[in-house]
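# A closer look at the structure
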Protein chains: 2
Amino acid sequence: MDQIFSNKILHLLNNLNKVTIKDALQRGCKSFYVENKMIGLIRPDFWEHLKNYTDVLEFVEVNASGHTSTLLKPGVHLSSSFKTHQERTIAIHGMLENLRQKNIILPLRGWRNENYSVSQKFTDEPLLEIERSACGLFGTIQYGVHVNGFVKSPNGEIKIWLGKRSKTKQTFPSMYDNLCAGGLTARLGILECVKKECKEEASISDELLEDLTFVGTLSYFYEDERGLFPECQFVYDLELPGDFTPVNADGEVAEFLLVSLEELKDLLVGGNFKPNCAAICLEFLIRHGYLNPDSDPNVSYYIEQLHSPLQTYYDGR
Amino acid sequence: MDQIFSNKILHLLNNLNKVTIKDALQRGCKSFYVENKMIGLIRPDFWEHLKNYTDVLEFVEVNASGHTSTLLKPGVHLSSSFKTHQERTIAIHGMLENLRQKNIILPLRGWRNENYSVSQKFTDEPLLEIERSACGLFGTIQYGVHVNGFVKSPNGEIKIWLGKRSKTKQTFPSMYDNLCAGGLTARLGILECVKKECKEEASISDELLEDLTFVGTLSYFYEDERGLFPECQFVYDLELPGDFTPVNADGEVAEFLLVSLEELKDLLVGGNFKPNCAAICLEFLIRHGYLNPDSDPNVSYYIEQLHSPLQTYYDGR
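Conventions used here
Residues numbered from 1 in each chain as written. Chains lettered and ligands numbered in written order. Predicted model: local features only at pLDDT ≥ 70, side-chain atom pairs only at ≥ 80, totals over all residues. Heavy atoms only, no water. Helix = DSSP H or I, 4+ residues; strand = E, 2+ residues; numbered from the N terminus. Rg over C-alpha atoms; globule rule 2.2 N^0.38 Å. Buried < 20%, exposed > 50% of the residue type's maximum accessible area, 1.4 Å probe, protein only. Contact = heavy atoms within 4.5 Å. Areas by Shrake-Rupley, 256 points an atom, 1.4 Å probe, with all protein chains shown as cover. Lys, Arg positive; Asp, Glu negative; His and termini not counted. Charge placed at Lys NZ, Arg CZ, Asp CG, Glu CD. Domains from an automatic or database assignment. Buried area = accessible area lost by both parts, 1.4 Å probe. Salt bridge = Lys/Arg side-chain N within 4 Å of Asp/Glu carboxyl O. Polar contact = N/O pair within 3.5 Å; in protein donor to acceptor, adjacent residues only side chain to side chain. Nonpolar A, V, L, I, M, F, W, Y, C, P; charged D, E, K, R; others polar. Pairing = 2+ DSSP bridges. Axes fitted to C-alpha atoms, helices over the stretch in contact; angles between N-to-C directions. Least-squares fit on C-alpha atoms with pLDDT ≥ 70 in both. Expected span 1.5 Å × (residues − 1). Arc of directions from axis to C-beta. pLDDT = per-residue confidence, 0-100. Phe/Tyr/Trp six-rings, centres within 6.5 Å; stacked < 30°, edge-to-face > 60°. Lys NZ or Arg CZ within 6 Å of the ring centre and 35° of its normal.

Across its full length, chain A carries 11 helices and 13 strands. Its C-alpha radius of gyration of 21 Å places chain A within 12% of the 20 Å reference for a compact globule of 317 residues. Across its three principal axes, chain A shows a C-alpha extent of roughly 70 × 40 × 35 Å. A buried classification covers 56% of the 317 residues belonging to chain A. Of the contacts made within chain A by residues no fewer than 6 positions apart, 65% connect residues no fewer than 24 positions apart. Carbon and sulfur atoms form 49% of the exposed surface of chain A, whose accessible area is close to 13400 Å². Averaging the positions of the 32 positive and the 43 negative side-chain charges in chain A gives two centres separated by 6 Å.

Moving on, we come to the environment of B:Phe214. With respect to the element layout, B:Phe214 can be found in strand β11 (residues 213–224). Assessed through its relative accessible area of 3%, B:Phe214 is described here as buried. Along the backbone, B:Phe214 and B:Val235 are 21 residues apart, and their C-alpha atoms lie at a distance of 6.0 Å. In this structure, B:Phe214 is in contact with A:Ile286, A:Arg287, A:His288, A:Gly289, A:Leu291, A:Asn292, A:Pro293, A:Val299, A:Ile303, B:Phe234, B:Val235 and B:Tyr236, ignoring residues within four places of it in sequence.

Residues and elements named next belong to chain A. Per the domain assignment, the segments of chain A are domain 1 (3–18 + 142–312) and domain 2 (21–138). The C-alpha-based centres of domain 1 and domain 2 are spaced at 30 Å. When the two sides are added together, the surface that domain 1 and domain 2 hide from each other amounts to roughly 1700 Å², 51% of it contributed by carbon and sulfur. Glu223 is the salt-bridge partner of Arg27, the closest N and O atoms lying 2.6 Å from each other. Between domain 1 and domain 2 we count 8 residue pairs in polar contact (both at pLDDT 80 or more) in total. Elements with a contribution of two residues or more to the side of domain 1 that touches domain 2: β7 (142–152), β11 (213–224) and β12 (227–239). It is β12 that provides the largest number of residues to the side of domain 1 that touches domain 2, a total of 4 residues. Of the residues contributing to the side of domain 1 that touches domain 2, the split by class is 8 nonpolar, 6 polar and 5 charged.

On to the sheet that holds strand β4 (residues 75–78) of chain A. All names here are of chain A. Strand order in the open sheet made by the 4 strands is β2-β1-β4-β3, with mixed pairing throughout. Where the open sheet ends on each side, the last strands, each with one partner, are β2 (37–42) and β3 (57–60). Strand-to-strand twist of the sheet, defined as the mean angle between neighbouring strand axes without regard to direction, takes the value 30°.

Let us now look at the relation of the copies chain B and chain A. Once turned by 180° and shifted 0.0 Å along the axis, chain B lies on chain A with an RMSD of 0.0 Å. Each copy turns onto its partner about a two-fold axis. No C-alpha of chain B lies nearer the rotation axis than that of B:His307, which sits 3.1 Å from it. Looking at the interface residues of chain B, 100% of them are also at the interface in chain A, so both copies use one shared face.

Residue and element names in this part refer to chain B. End to end, helix α1 (residues 3–16) covers 20 Å across 14 residues, agreeing with the expected 20 Å (1.5 Å per residue, within 8%). Among all positions of α1, only Phe5, Ser6, Ile9, Leu10, Leu12, Leu13 and Leu16 are buried. The buried residues of α1 all sit within an arc of 165° when viewed along its axis, so they share a single face. Exposed and facing more than 90 degrees away from the buried side of α1 are Ile4 and His11. Where α1 is buried, its residues meet β11, α8 (261–268), α9 (275–287) and α10 (299–305).

Before going further, it helps to spend a moment on the pattern of salt bridges. Residues and elements named next belong to chain A. Evaluated as defined, the whole model comprises 36 salt bridges over all chains. Put simply, Asp224 and Arg226 hold a salt bridge, and the shortest N to O gap is 2.8 Å. Overall, Asp224 belongs to the buried group, its relative accessible area being 17%. Residues joined by salt bridges that share partners form a network here, namely Arg27, Arg43, Asp45 and Glu223.

This next bit is on the confidence of the model for chain A. With 100% of its residues at a pLDDT of at least 70, chain A reaches an overall mean of 95. Among the scores for the predicted complex, ipTM is 0.92 and pTM is 0.94.

Time to look at the packing of aromatic side chains. Tallied over the full model, the rule gives 22 aromatic pairs over all chains. Seen in terms of ring centroids, B:Tyr143 and B:Phe234 are 6.0 Å apart; in terms of plane orientation they differ by 25°. Their pairing is stacked. On the criterion of sequence distance, the pair formed by B:Tyr143 in strand β7 (residues 142–152) and B:Phe234 in strand β12 (residues 227–239) is long-range, its members being 91 residues apart. Each member of the pair B:Tyr143 and B:Phe234 is classed as buried. Seen in terms of ring centroids, B:Phe214 and B:Tyr236 are 5.5 Å apart; in terms of plane orientation they differ by 65°. Their pairing is edge-to-face. On the criterion of sequence distance, the pair formed by B:Phe214 in strand β11 and B:Tyr236 in strand β12 is long-range, its members being 22 residues apart. Each of the two residues, B:Phe214 as well as B:Tyr236, counts as buried. An aromatic cluster is defined as three or more aromatic residues linked by ring pairs; in this entry it consists of A:Phe122, A:Tyr143, A:Phe214, A:Phe234 and A:Tyr236. Here the guanidinium or amino end of A:Lys265 rests over the ring plane of A:Phe5, the centre of that ring lying 4.7 Å away.

If you want it as structure tokens, here you go:
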């Protein structure tokens, strides 16, 4: 067992999975509800800015007997005066535009003009849409797609393509990334989204995309200065021919590198990998038998940490 | 989306994952500690039989102020007079042998003369060993191995081997099972264990076993009349040649069947599949791209349910 590698991976995954709902509530985060369904968590620092919008948000307190005075659960509720998907989306959007003009909330400086769908479970009918850069303010579950692009030599040896992020990217500039990845914009199919990213970020042809294979989801719950990030990533493997070289088309990637799995292992713990992309690559190493529980007994714990049951947590279990 | 299939899978996974620690404690289950580390849960019905063994187990209560009178956490503790792995193993074993002679506890009738290692995290040094048939009494995490044996035709179509359990098996007689599977006996390596099962249950040669690939772990927490079962399975894929036919060598399998993934889908929800083995096959269907989130939006929820973070739960997070 490579103890140094193992300890660094545990550190990476603990950081990626630092938030638990229990801890968050204990330090003053507020559950966020739409239609009395918990769909997020709001940090105290953001709540200070949001609490004045009493026409949009309603705060339900616990009384002396430990209950609320209505059927509403304790926490922040989107006002029940907004009844439809469209009304709710417009209400939150208006509040965010107002806050953005005041220029007091950091994450809103990264405004994307792109909406994410919000629901408690992925399969539920979306309750509303929220601007992507604001989702961390509300701690809603964000979905995305990631692609492990790899090449298999005739003797079975696997090499994997990594992107190095452009140094002008808003987040994690110059760090290692997967071949392509992106957030799931509202109303976009998952396969549609992943194919779009493959074309934009790596110029992969329709023909090569036929081999794109969904292999699972990874989920984790991290936090940074931009807010709370419960994230679920739809992961795809794409075996590429040896003579293919990805070409970035949207300026988001500085360069692509093809590395052996041994080199990947070193890069994962080298401190220059976007943490959630490192997690995606770690799971690739496990799933392809390169890391196994006999050589590294922490593998079963890594896998737990890569599958935080976010939808179950928000469902109150 | 196949709504009937999807609903039946949700039902299967909800049953397989019915236990949460929160619910268990609320209905009177007691946390079980060794060295003040939570490693299990004891149901009230079993506690009635165990509580008289005050030389082995110590019950720590919460006082009026909500705390315990010692540094020990509230719940059942293995007496601190047993300080080593061996002393603890012997102490529990003696108590269980005594209970077994009284013939009052159902699961002990399935005594296996086989020990499981017990720790909070898989990677921790084991604290003790407990007879396999008694692990459900203490709700300790049980580990096992499962093999998806499959055949790939030249056009890429996958068929999977299933076992049908012998009608004389103690548990789940005559139900569909994976190609081979087994519990992880104390002090056995995982690969060693899975190879042993492959030989005993399906007569797979050493040569074919070279292709055995670890692909991940699945974990879930179920309950039945035999007790509480937080289980973590080490899953292996094994691609087999088209001309290979498994032959059972230990009498545990009545017959083997090679089925298409479409047939597998029907069998999974047909009510005659050992539930945890159905979960293993479900994950195989997902990981090989046969079930995907565009065709079945519940896939991301299935994956959550297949990865209950048991070690994290017992760690108190």
